[in-house]
Amino acid sequence: MRLGLTLAAVTFLCALPFYLDAFWLRIGLFSMAAAVGAVGLGLLSGTAGQLSLGHAFFLAVGAYGYVWLAGEPGPGLPTAVAAVLAVLLAGAAGGLFSPVAGRVRGIYLGVATLALVFLGHHVLLTADSVTGGFNGRSVPPLELGGFSFSADSELTLLGVPFGSEERLWYLGLALFAVTWFTARGLLRGRPGRALVALRDSETAAAVMGVDVSRYRSAAFVVSSMYAGLAGVMLALSFRRVVPDYFGLVLSVDYLAMIVIGGLGSVAGATAGAVFVTALPLLMTRYADQLPLVAAPGTTGGTVGPTEAARYLYGAAIVLILLFAPDGLHGLIRRLRARLRARRTAAPPPANTTSPSRPHTPAAPAKEPTP
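Fair warning: this is a prediction, and the values are worked out from it, not measured in the lab. (Residues numbered from 1 in each chain as written. Predicted model: local features only at pLDDT ≥ 70, side-chain atom pairs only at ≥ 80, totals over all residues. Heavy atoms only, no water.)

Broken down by element type, the chain carries 14 helices and six strands. Taking 21 Å as the expected radius of gyration for a compact globule of 370 residues, we find that the chain reaches 27 Å, considerably beyond that expectation. Summarising its shape, the C-alpha atoms of the chain cover approximately 120 × 55 × 50 Å along the three principal directions. When each of the 370 residues of the chain is scored for burial, the buried share is 43%. Averaging the coordinates of the 26 positive side-chain charges in the chain and doing the same for the 17 negative ones gives two points 16 Å apart. (Helix = DSSP H or I, 4+ residues; strand = E, 2+ residues; numbered from the N terminus. Rg over C-alpha atoms; globule rule 2.2 N^0.38 Å. Buried < 20%, exposed > 50% of the residue type's maximum accessible area, 1.4 Å probe, protein only. Lys, Arg positive; Asp, Glu negative; His and termini not counted. Charge placed at Lys NZ, Arg CZ, Asp CG, Glu CD.)

Structural data, given as structure tokens:
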């Protein structure tokens, strides 16, 4: 049954580009890229218990690494090679920071990673020859085996013209599927159990033979590589990268994703990423139909669609922390458990009367002893 549901979901997702327009496909692309990065942060903060506010820095390393490696000025490498090297570059950046992550924890690690965001933003603005400065750089389209993921070449399938969004949709699905299965395999294996033990109690984990510093550093490197892959996907979807996008607000958004979806859960991180990413885009499109929300470019209303979306998922975080601390994934899991318990509960018997027994004469009363 689970295999059938998986195949049905895959078939449904693969058929969407034939029916949806570019706006909805673009929302899906941004959501898939955000889900990849949220899964990486979920492994670090939800499973390993390490607070990170510098996730935007590693997304920027992946995005700008791909642009520089594949573009001009730059080495001008094949785009597929540049994408792989950009992910490895983000992992290397995480490896350089891993000694700090291996020795610092809690709010101190959060402050240390916060410094990465400000440092990275300063470098992006000043290194004009690599990053393009304030205006950023255009993103070279990805080419894989002679197939281009841009709209430069004409492609029609079943009478539907396939532009860059339709082509990138299948690339995003493939990369998200790889992320999903590798992250779930990591959580279900020995490294995942070690990270959970490390999160619950460092002393108990060390007694059981877990190398605390090593596993902390490894979790940071793996999370950085997931962020680098998300940065490459975002760059391909946006077609232009600018420094202001990779700021502190982006790191806070990713923390909101894993808190709303559920810490330590791949499915929860995916759900939170879709919610936080799609909400402001939807509110921007339908701002003229929503009360107290000003359409982009107008002065009416109370707040803009982006600010209104932040208020909404800020309220969602408060509600989640109060009523469902384990996030949407934990809430759905509990509901499924209740439904399963109701289905497996035995129904009461239709006839509660006891079967008739043969009548036995009552024993004579014993006479009192004189």
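And the narrative resumes.
With that settled, the discussion passes to the side chain of S237. One can find S237 in helix α10 (residues 212-238). Classification of S237 as buried rests on a relative accessible area of 10%. Beyond its immediate stretch of four places on either side in the chain, S237 contacts L29, F30 and L168. (Contact = heavy atoms within 4.5 Å.)

Leave glycine aside and you will find that most residues have negative phi; peptide bonds, for their part, are mostly trans. A cis amide bond, omega 5°, links E72 with the succeeding residue P73. Positive phi, close to 70°, is recorded for R239, a residue that is not glycine. By relative accessible area, which is 38% here, R239 ends up partly exposed.

Moving on to the side chain of R216. Mapping R216 onto the fold places it in helix α10. Those residues in contact with R216 that lie beyond four places of it in its chain are Q50, A101, G102, R103, V104, R105, L198 and E202.

Next up on the list: a positive patch on the surface. A cluster of basic residues, R2, R188, R336, R340 and R343, forms a positive patch at the surface. Top contributing element to the positive patch by residue count: helix α14 (residues 327-344), with three residues. Within the secondary structure, R340 is located in helix α14. (Patch = residues over 30% accessible without salt bridge, like charges linked within 9 Å, V, L, I, M, F, W, Y side chains within 5 Å. Areas by Shrake-Rupley, 256 points an atom, 1.4 Å probe, with all protein chains shown as cover. Salt bridge = Lys/Arg side-chain N within 4 Å of Asp/Glu carboxyl O.)

Direction vectors running N to C along helix α7 (residues 164-188) and helix α12 (residues 266-285) enclose 145°, while the axes themselves pass 10 Å from each other. Where α7 approaches α12, its residues F176, W180, A183, R184 and L187 are matched on the opposing element by V266, A267 and T270. Classifying every residue of the contact of α7 with α12 gives six nonpolar, one polar and one charged. (Axes fitted to C-alpha atoms, helices over the stretch in contact; angles between N-to-C directions. Nonpolar A, V, L, I, M, F, W, Y, C, P; charged D, E, K, R; others polar.)

With that settled, consider the packing of aromatic side chains. Within this structure, the stated rule accounts for 10 aromatic pairs. Ring plane angle 80° and centroid distance 5.2 Å describe the contact between F57 and F58, whose orientation is recorded as edge-to-face. Put simply, the rings of F30, Y64, F238, Y245 and F246 pair up and form one aromatic cluster. Its end group placed over the ring of Y215, R214 keeps NZ or CZ at 6.0 Å from the ring centre. Against the face of F23 rests R285, its NZ or CZ located 4.2 Å from the ring centre. (Phe/Tyr/Trp six-rings, centres within 6.5 Å; stacked < 30°, edge-to-face > 60°. Lys NZ or Arg CZ within 6 Å of the ring centre and 35° of its normal.)

Take the confidence of the model for the chain next. Here the chain averages 84 in pLDDT, and 91% of its residues register 70 or above. The secondary-structure element of the chain with the lowest mean pLDDT is strand β4 (residues 156-157), recorded at 71, while helix α3 (residues 55-70) shows the highest, at 94. Between residues 363-370, whose pLDDT stays under 50, and residues either more than four places distant or in other chains, the model counts zero contacts. (pLDDT = per-residue confidence, 0-100.)

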